[in-house]
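# Remarks on the overall topology
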Amino acid sequence: MRIERDGAVAILTMDSGKANAMSSQFLDELSAAFAGLGDARAAVITGNEKIFSAGLDLPGIIDLERKPLTEFMGKFERVMLQAFELPVPLVAAISGHAIAGGAVLALQADVRIAVDRESLRIGFNEAQLGMGLPAMVIEPLREQVPGPSLTRMVLTGELFGPHEALRLGLLHEVAPEGTLMQRALAKAQAFAALPAGGLRNIKSSLRKPIGDRIRALAGVGNDRFADIWFAPDTQLALRATVAKLKPKS
């Protein structure tokens, strides 16, 4: 994780391998970056040229037993909630694919801008893997995208190109190649120029009730997620996916 500053704006660049896969260490580093924003008035989070984040580190967690798997998912939810409730505005500069957990991370931002690249895909493909979706995903989606879009996104597990994601309300803007960071920084700097106290109060008022709902549902939701994770058909789909991800010898 690289952290830079552009005036009052903090820039967080994820650089954990080519896929920015979310391992326990990755989540620790992301949490530390959010906690270390200091006096920044706004922040931008981005990935590399090909990947924003491909989501959970499936090869690293596929063999976890129930307790460590539940603990890992608890950490994932805490870090996503930390991003959702950041006191400063967060802009996601989606530089490449944002899939599953990567789309969840982008969802926590106040503004989502993706590069205008035909091959880029963003979405929640958990249904295709037989996985459940915790409250940490459903509640922010429920608040931020129209109902018909929500149903299509989560029940089909479809992945979308940038313009379709914009039409569905998952993105706020699509930026031409070469302009993504310029557009994201301009948006963050506009936030940073506003009086900080009022902006923080407004953001807290908008997001704390949703965060409270997520916390209230977390315990039961994590148990249900684990039940689904260890179901035979889910394990079959997950392990087939992991086999495709592992390098061929």
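Up top is the structure.
The present account deals with the structure reproduced in this document. (Residues numbered from 1 in each chain as written. Predicted model: local features only at pLDDT ≥ 70, side-chain atom pairs only at ≥ 80, totals over all residues. Heavy atoms only, no water.)

## Things to note about the pattern of salt bridges
This structure, assessed with the given rule, holds 19 salt bridges. Here Glu177 ties to Arg117 by a salt bridge, and the two come within 2.8 Å at their closest N and O atoms. One end of the pair, Glu177, is in the loop between strand S10 (173-175) and helix H9 (180-192); the other, Arg117, is in the loop between strand S7 (111-115) and strand S8 (122-123), and 60 residues separate them in sequence. The exposure class of Glu177 is partly exposed, given its relative accessible area of 47%. (Salt bridge = Lys/Arg side-chain N within 4 Å of Asp/Glu carboxyl O. Helix = DSSP H or I, 4+ residues; strand = E, 2+ residues; numbered from the N terminus. Buried < 20%, exposed > 50% of the residue type's maximum accessible area, 1.4 Å probe, protein only.)

## Notes on the nonpolar core
In this structure, Phe34, Ile45, Ile94 and Leu141 are the most contacted members of the largest nonpolar core, which totals 80 residues. With nine residues, helix H3 (residues 66-84) is the largest single contributor of residues to this core. Residues contacting Phe34, with those up to four places away along its chain left out, are Leu12, Ile45, Val79, Gln82, Ala83, Leu86, Leu90 and Leu105. (Core = buried A, V, L, I, M, F, W, Y, C linked by side-chain atoms within 4.5 Å. Contact = heavy atoms within 4.5 Å.)

## Side note on the side chain of Thr46
Relative to the assigned elements, Thr46 resides in strand S3 (residues 42-46). Thr46 gets classed as buried once you look at its relative accessible area, which sits at 5%. Aside from chain neighbours lying at most four places away, what touches Thr46 is Leu12, Thr13, Met14, Phe52, Ala93, Ser95 and Met181.

## Side note on the sheet that holds strand S2 (residues 9-13)
The six strands are arranged S1-S2-S3-S5-S7-S10 in an open sheet whose pairing can be described as mixed. The outermost strands of the open sheet, each flanked by one partner alone, are strand S1 (2-6) and S10. Within this sheet the neighbouring strands show an average axis-to-axis angle of 25 degrees, counted without direction. The pairing of S3 with strand S5 (residues 90-94) spans four bridges and is classified as parallel. Counterpart to Thr46 in the pairing with S5 is Ala93. Against the sheet, H9 contacts S1, S2, S3, S5, S7 and S10, and its axis sits at roughly 160 degrees relative to S3. (Pairing = 2+ DSSP bridges. Axes fitted to C-alpha atoms, helices over the stretch in contact; angles between N-to-C directions.)

## Regarding empty space enclosed by the protein
All told, the structure shown has one cavity of 30 Å³ or more when counted by the stated rule. Roughly 40 Å³ of internal volume is contained in the largest cavity. Around the largest cavity sit Arg41, Val88, Pro89, Phe191, Ala192, Leu194, Ala196, Leu199 and Arg200, which together line it. Contributions of two or more residues to the lining of the largest cavity are made by H9 and helix H10 (196-229). Per element, the largest residue contribution to the lining of the largest cavity is three residues, and it comes from H10. Each residue belonging to the lining of the largest cavity can be placed in one class, and the counts come to seven nonpolar, no polar and two charged. (1 Å grid on protein atoms, 1.4 Å probe; cavity = no way out; pocket = protein on both sides within 12 Å on 5 of 7 lines; lining within 4 Å. Points joined across faces, edges and corners; volume = space filled by probe spheres on them. Nonpolar A, V, L, I, M, F, W, Y, C, P; charged D, E, K, R; others polar.)

## Quick notes on the sheet that holds S8
An order of S4-S6-S8-S9 is seen for the four strands of this open sheet, with the pairing classed as mixed. Unpaired on one side and paired on the other, strand S4 (51-53) and strand S9 (159-160) mark the two borders of the sheet. Inspection of the sheet shows strand S6 (residues 97-99) paired to S8 by two bridges, in the parallel sense. Pairing of Ala98 across the sheet is with Ile122, part of S8.

## Some points on the packing of H3 against H10
Across the interface, H3 lies against H10 with an axial gap of 10 Å and an inter-helix angle of 165 degrees. Relative to H10, the element H3 is oriented roughly antiparallel. As H3 packs across H10, the resulting crossing turns out to be right-handed. Of the residues in the contact of H3 with H10, the class split is ten nonpolar, four polar and seven charged. (Parallel < 35°, antiparallel > 145°, perpendicular 65-115°, else oblique. Left-handed = near helix turned anticlockwise from the far one by under 90°.)

## Some points on the packing of helix H6 (residues 135-144) against helix H7 (residues 147-156)
Each pair of packed helices can be described by the angle between their axes along with the distance between the axes. Orientation of H6 relative to H7, taken along the N-to-C sense of each, is 155 degrees, at an axis distance of 9 Å. One way to sum up the angle between H6 and H7 is to call them roughly antiparallel. Crossing angle aside, the handedness with which H6 passes H7 is right-handed. Side by side, H6 and H7 meet where Ile138, Leu141 and Arg142 of the first sit next to Leu150, Met153 and Val154 of the second. The residue inventory of the contact of H6 with H7, partitioned by class, reads five nonpolar, no polar and one charged.

## Some remarks on the layout of surface pockets
Here the largest pocket defines a volume of roughly 660 Å³. When contributions to the lining of the largest pocket are tallied by element, the ones reaching two or more residues are helix H2 (58-61), H3, helix H4 (101-107), helix H5 (126-129) and helix H11 (232-245). A per-class count over the lining of the largest pocket returns 19 nonpolar, eight polar and three charged. Put simply, the second largest pocket is a space of about 230 Å³. Forming the boundary of the second largest pocket are 13 residues, of which Asp110, Gln144, Lys203, Leu206 and Arg207 lie nearest the centre.

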